[in-house]
Amino acid sequence: MKKFKTLLASALILSMVGCSQATPATTDGGDTGSADAKTYNVGVAIYQFDDNFMTLYREEIKSYFASLETDAVKYNVTIVDGKNDMAEQQNQIDNFITQGMDVIILNLVQTSSADATIDKVVAAGIPLVLINREPLGDNGDESYKGILDNPTVCYVGADARQSGTFQGEIIAELPDHGDINGDGKVSYIMIEGDPENIDAQYRTEFSIKALKDAGLTVDCLDDQVGNWAQAKGEEITSNALSQHGDAVEVVFCNNDAMALGAAAAIKAKGRTVGKDIYLVGVDALEECQEMVKNGEMTGTVLNDHIGQSHTAVDVAIKALNGEKLDNYYWVDYVKVTK
Ligand code: BGC
């Protein structure tokens, strides 16, 4: 994923970051009592505060920045809620530029708007760390030109193919390989996140690919968009269980929030995870780790918000220090079973 960057590009990053440091960002650091502290202004734009996973992520960004402060360096971190509205987020980025942020960390509402946003931020001479929603290149999974072309822009994330593969493997590795009724196929329903989001696309594709790669036959009973939301996960599962009854052997959810909803629907229909149905999610929210432990979920996949947020912050600080950035920084997923 890494690409060769020209000397010209390297020179550009140094001059741009140098520019941004030259703006009057120093304050008296009065709140901590250190008169000569250098304060960096950090703008963080999150696609939507009302998202379980991104809530953990943004809280960790804030506390990790705070933990890195010294008497000499302070981070003034402003985090804003895009409310899942791209126009709102564009305004927030415009404001960050006007306010003279020294670095911006951005969780895009729409990855299709990545270029417009990157252009603006780059033109303003502000380093940009994209997180969680990976913009895709023209040929699907190829690296994104807007990132490759700009040495002050990078993406920090996890490869969603890996999370989907782990979900499929969790089912394939069960003693009955997900074929509870022994009819020779794994009959499942799929509950997808936001369809524009590559995490949703890859998890949907690669979970099923892992089953097929394990030599299993699959049968998709239903595939619906739940937009990462718990209530939708519950509604879709409830409807699918009413329609298909015992035929449903596995519920795949692109994230844990929707799996929490699915778990409630499964219980309400008198079904029992681990006995007559299986349920997998992604994220490993604490609540879901407990459910895996006590059998209410078959498994989940750790979407490492701590590793990702710390990497995003470390990279942002690198940029503030005028260091050269890679284009991509990857954090691994981890399979979670009992
Ligand atoms: C997480 C979801 C979250 C989404 C937001 C995904 O990586 O698994 O829980 O809703 O990111 O973009």
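For the structure itself, consult the block above.
Here goes a summary of the coordinates provided. Small disclaimer: the values here were computed from a predicted structure and weren't measured.

About the cut-offs
- Residues numbered from 1 in each chain as written.
- Predicted model: local features only at pLDDT ≥ 70, side-chain atom pairs only at ≥ 80, totals over all residues.
- Heavy atoms only, no water.
- Helix = DSSP H or I, 4+ residues; strand = E, 2+ residues; numbered from the N terminus.
- Polar contact = N/O pair within 3.5 Å; in protein donor to acceptor, adjacent residues only side chain to side chain.
- Pairing = 2+ DSSP bridges.
- Axes fitted to C-alpha atoms, helices over the stretch in contact; angles between N-to-C directions.
- Contact = heavy atoms within 4.5 Å.
- Near = heavy atom within 4 Å.
- Areas by Shrake-Rupley, 256 points an atom, 1.4 Å probe, with all protein chains shown as cover.
- Nonpolar A, V, L, I, M, F, W, Y, C, P; charged D, E, K, R; others polar.
- Domains from an automatic or database assignment.
- Phe/Tyr/Trp six-rings, centres within 6.5 Å; stacked < 30°, edge-to-face > 60°.
- Lys NZ or Arg CZ within 6 Å of the ring centre and 35° of its normal.
- Salt bridge = Lys/Arg side-chain N within 4 Å of Asp/Glu carboxyl O.
- Buried < 20%, exposed > 50% of the residue type's maximum accessible area, 1.4 Å probe, protein only.

**Description of the side chain of N132**
Point 1. As for its placement among the helices and strands, N132 is situated in the loop between β4 (128–131) and α5 (145–148).
Point 2. Only 3.0 Å separates the side chain of N132 from the side chain of N107, close enough to count as a polar contact.

**Structural notes on the environment of V122**
Point 1. Its location among the elements puts V122 in helix α4 (residues 114–123).
Point 2. When the C-alpha positions of V122 and T152 are compared, they lie 7.3 Å apart, and in sequence the two are 30 residues distant.

**Notes on the sheet that holds strand β6 (residues 186–192)**
Point 1. With respect to topology, four strands assemble into an open sheet ordered β7-β6-β8-β9, the strand pairing being parallel. The sheet is open, and its two edges are formed by β7 (218–225) and β9 (278–280), each paired on a single side. Sheet twist, expressed as the average angle between the axes of neighbouring strands with direction ignored, equals 15°.
Point 2. Note that strand β8 (residues 250–253) and β9 share three bridges and pair parallel. Following the sheet pairing, V250 is matched in β9 by Y278.
Point 3. On top of the sheet, helix α6 (residues 160–172) reaches β8 and β9; it is set at about 165° to β8, its chief contact.

**Quick word on the site of the ligand**
Point 1. Surveying the vicinity of the ligand reveals the residues Y47, D51, F53, N132, R133, N197, D199, R203, W228, N255, D283 and N303.
Point 2. N132 is positioned with one of its side-chain polar atoms (N or O) 2.6 Å from an oxygen atom of the ligand.
Point 3. Notes on the ligand: free accessible area 310 Å², of which the protein chains cover 99%.
Point 4. For the shell around the ligand, the residue count by class is three nonpolar, four polar and five charged.
Point 5. Residue assignment places the shell around the ligand across two domains, with domain 1 (38–158 + 304–332) and domain 2 (161–302) each supplying three or more.

**Some thoughts on the packing of aromatic side chains**
Point 1. Taken as a whole and judged by the stated rule, the model has eight aromatic pairs.
Point 2. Ring centres 5.1 Å apart and planes at 50° place the aromatic pair F65 and Y75 in the tilted group. Of this pair, F65 sits in helix α2 (residues 52–67) while Y75 sits in strand β2 (residues 73–81), and the two are 10 residues apart along the sequence.
Point 3. Taken together, the ring pairs in this structure connect Y40, F65 and Y75 into an aromatic cluster.
Point 4. Positioned above the aromatic ring of F49 is the side chain of R58, whose terminal nitrogen or guanidinium carbon lies 3.7 Å from the ring centre.
Point 5. One Lys or Arg, R133, reaches over the ring of Y47 and ends 3.6 Å from the middle of that ring.

**Section: the sheet that holds strand β11 (residues 328–330)**
Point 1. Taken together, six strands build an open sheet; the order of strands is β2-β1-β3-β4-β5-β11 and the sheet is parallel. The strands lining the two open edges of the sheet, one partner per strand, are β2 and β11. Across this sheet, the average inter-strand angle for adjacent strands is 20°, counted without regard to direction.
Point 2. Lying over the sheet, α4 contacts β3 (103–106), β4 and β5 (153–157), oriented at roughly 155° with respect to β4.

**Some details on the pattern of salt bridges**
Point 1. Inspection of the entire model under this criterion finds 14 salt bridges.
Point 2. The residue E173 makes a salt bridge to K335 at a minimum N-O spacing of 3.2 Å. You can see E173 sitting in the loop between α6 and β6 and its partner K335 sitting in strand β12 (residues 334–336), a full 162 residues away along the chain.
Point 3. You can call K335 partly exposed: its relative accessible area is 28%.
Point 4. Where K209 meets D213, a salt bridge forms, and the shortest distance between an N and an O atom there is 2.9 Å. Remark: D213 and K209 occur in helix α7 (residues 198–213); sequence separation between them is four residues, near one turn of the helix.
Point 5. Judged by relative accessible area, K209 falls into the partly exposed class, the value being 39%.
Point 6. It is possible to trace a salt-bridge network through shared partners that takes in E169, E173 and K335.

These figures come from the coordinates and say nothing about function on their own.
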